[in-house]
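A structural walkthrough
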Amino acid sequence: MTTAKDARGIDLDIKDAIEGYERFRLEFERDKAFYKSLATKKQKPRLLWIGCSDSRVVPSQITQADPGELFEVRNIANCVPPSWTGDEAVGAAIEYAIAHLGIDDIVVCGHSGCGGIHALAEPIPPDNEAHLGRWVEYTRPAHQLVAAARVPEEERFAATIRAHVQFQLDNLMTYEIVAKGVAEGRVGIHGWLYDMEAGEIQAYDPRTGAWRGLLEPAA
Ligand SMILES: [Zn+2]
């Protein structure tokens with residue numbers, strides 16, 4: 001928070017958001033029929049997107065999705081807490097997506113340079129960041145796997161980010177509604193990784209255990 005204000009007395013931190021909203025109002029008037037249909041019809045998104053809260057990784061931008069197309073869960077380090085952990089936020093979204101919205105594809109998308117993955121390697125003050133400290137514990141299995149595999153130091157961070165996505169796919173399967181849907185061939189789960197520098201997505205192939213470019217055909 002800052003107390004810096006512009007000439008009209010608007011907090012500079014929210015000035016861009018207010019100006020963006022002014023532009024959105026114009027767009028809304030131009031596309032009124034589209035927004036009216038969104039508001040009056042039941043939502044029918046194509047994907048459940050589980051991604052990181054990171055402000056630089058914007059799901060609707062990298063998939064060029066319109067409003068109404070992505071049902072999103074975003075949290076620090078794109079975590080899917082296993083169903084037995086008692087975290088309700090992600091599980092509720094998964095169940096709502098499948099049971100009520102008829103979504104049949106779930107994407108877990110990690111990204112390069114993820115601060116939420118890196119956080120576990122840094123000390124987190126337990127007194128005033130207790131929630132953060134507990135949350136990033138969900139990334140520990142990936143850190144442990146990579147440490148045990150003796151991945152060279154310079155590759156360790158990227159390897160941990162990839163392994164973490166793979167663990168979240170396993171965690172998705174701890175939800176009965178997902179496991180049943182996958183077993184019956186109704187639900188697909190997809191592990192993706194967005195490289196911020198290249199602007200490219202890699203996809204995990206569970207049959208080969210390898211990652212490949214999302215636009216490359218499966219081997
Ligand atoms: Zn992140």
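Residues numbered from 1 in each chain as written. Predicted model: local features only at pLDDT ≥ 70, side-chain atom pairs only at ≥ 80, totals over all residues.

Thoughts on the pairing of strand β6 (residues 210–213)
Relative to β6, strand β5 (residues 200–205) runs antiparallel, the two being bridged by four bridges. Looking at β6, one finds that alanine 203 is bridged to arginine 212. Counted between consecutive antiparallel strands, the loop separating β5 from β6 contains four residues, among which glycine 209 sits at a positive phi close to 75°. (Pairing = 2+ DSSP bridges. Helix = DSSP H or I, 4+ residues; strand = E, 2+ residues; numbered from the N terminus.)

So, the sheet that holds β6
Across the sheet, six strands lie side by side as β2-β1-β3-β4-β5-β6; this open sheet has mixed pairing. The open sheet is flanked by β2 (70–75) and β6, the only strands paired with a single partner. The average angle at which neighbouring strand axes cross in this sheet is 25°, direction not considered. In terms of strand pairing, strand β3 (residues 105–111) meets strand β4 (residues 188–195) through seven bridges, oriented parallel. Across the sheet, the residue bridging to valine 108 is glycine 191, located in β4. (Axes fitted to C-alpha atoms, helices over the stretch in contact; angles between N-to-C directions.)

Regarding the packing of helix α7 (residues 140–148) against helix α8 (residues 153–172)
The N-to-C vectors of α7 and α8 enclose an angle of 130°; their axes lie 8 Å apart at closest approach. Taken together, the axes of α7 and α8 are oblique relative to one another. Relative to α8, the crossing made by α7 is right-handed. Seen from α7, the contacting residues are Pro141, Ala142, His143, Leu145 and Val146; seen from α8, they are Arg156, Ala159, Thr160, Ala163, His164 and Phe167. Class assignment for the residues of the contact of α7 with α8 results in seven nonpolar, three polar and one charged. (Parallel < 35°, antiparallel > 145°, perpendicular 65-115°, else oblique. Left-handed = near helix turned anticlockwise from the far one by under 90°. Contact = placed C-beta atoms within 7 Å. Nonpolar A, V, L, I, M, F, W, Y, C, P; charged D, E, K, R; others polar.)

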